[in-house]
Amino acid sequence: MSRIALLLLFIVGLTFSQEKAQFVQTPYQNQKPFKAVFELFLDHPEKLGPALGWVGNLIRVLTNPPYNFSPEEIDIVVVSHGREIPVFAKANKGKYSEVVERLESLSQLGVKFKICGMAARGIYGLTEKDFYPFVELVPSAIPEILYWQQKGYGLLIPNVIEIRGQHSH
C-alpha cells in the first residue's frame, strides 16, 4: 500500500475510535440578519400551535447564549395556505384564543404572517377585514414562498405529526 493510503486509513481509524460525539457550534453570528421563511400547509387547525413551536424555538435559540441575537437581527416570514387559515380569522378568536395569543406575541417580535389570498377567499370566504391587523393577505402562497427564498430566506416546513398511543422502547 502506498504511504498516502496508509495515512488515510490511520486518520479514518482515529476518527471512528472516538468514544463520543463532538459538540460543534456553528457561527450563526456571521449570518445577520438570520432569515427564515416558514411554509404552513397543515391538515388541521389544531396543528398550528405545534407548528408555531418551530418559530418560537428558532427565536429562542438565536436570542439566547451563545448567539445572543436581538429580535431585530432575526427576520422570519410565515406563509400560511392550509387548513390552519381559520385560526387567523378574528371570528374564531374564542375557539383558538391560546394560539392567537402566541401569534400576537410572535408578531410583536417581528414575525410576519402572510396568508394565501386564493385559499382564504376561495376556500373560506375570508377577506382582509376578517383577519387580525398583524396578518397580511398575499395573492398566492406559492410565489410568495419562492419570493422569500430567492431573497435568501431559508425554507422551513414544520412537520407536525400525531402521536397515537404510548409505545415502550
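It should be noted that the structure appears before, not after, this text.
Residues numbered from 1 in each chain as written. Predicted model: local features only at pLDDT ≥ 70, side-chain atom pairs only at ≥ 80, totals over all residues. Heavy atoms only, no water.

1. What to know about the pairing of strand 1 (residues 34–40)
Filter applied, for reference: Relative accessibility decides the category of a residue: with a 1.4 Å probe and only protein chains considered, values under 20% of the type maximum give buried, values over 50% give exposed, and everything between is partly exposed. Secondary structure elements are defined from DSSP: runs of H or I of at least 4 residues count as helices, runs of E of at least 2 residues count as strands, and each element is numbered from the N terminus. Pairs of strands are assigned from DSSP output, requiring at least two bridges between the strands.
Among the seven residues of strand 1, six are classified as buried, and the element is accordingly described as predominantly covered. Strand direction decides the pairing type here: strand 1 and strand 2 (residues 74–80), joined by seven bridges, are parallel. If you follow Val37 over to strand 2, its bridge partner there is Val77. Here strand 1 pairs with strand 5 (residues 154–156) via three bridges, running parallel. What sits directly across from Phe38, in strand 5, is Leu156.

2. Some points on helix 5 (residues 141–150)
Quick reminder of the rule: To be clear, the arc concerns the directions from the helix axis to the C-beta atoms. Contacts are residue-level and defined by heavy atoms, with any inter-residue pair within 4.5 Å sufficient.
Along helix 5, the positions that sit buried rather than exposed are Ala141, Glu144, Ile145 and Trp148. End-on, the buried residues of helix 5 take up no more than an arc of 95°, which puts them together on one face. The secondary structure elements touched by the buried residues of helix 5 are strand 1, strand 2, strand 3 (112–116), strand 4 (135–138) and strand 5. Gly152 sits one or two residues past helix 5 and shows a positive phi near 95°.

3. Some thoughts on the pattern of salt bridges
Once the charged atoms of two side chains with opposite charge are near each other, the side chains can pair. Applied cut-off: Salt bridges, as used here, are contacts in which a Lys or Arg side-chain nitrogen is within 4 Å of a carboxyl oxygen on Asp or Glu.
Applying the stated rule across the entire model yields six salt bridges. The salt bridge partner of Arg121 is Glu128, with a shortest N-O separation of 3.1 Å. Given the relative accessible area of 41%, Arg121 is considered partly exposed. Between Asp130 and Lys129 there is a salt bridge, with its nearest N and O atoms 3.6 Å apart. Judged by its relative accessible area of 60%, Lys129 falls in the exposed class.

Treat this as a map of the structure, not an account of what it does.
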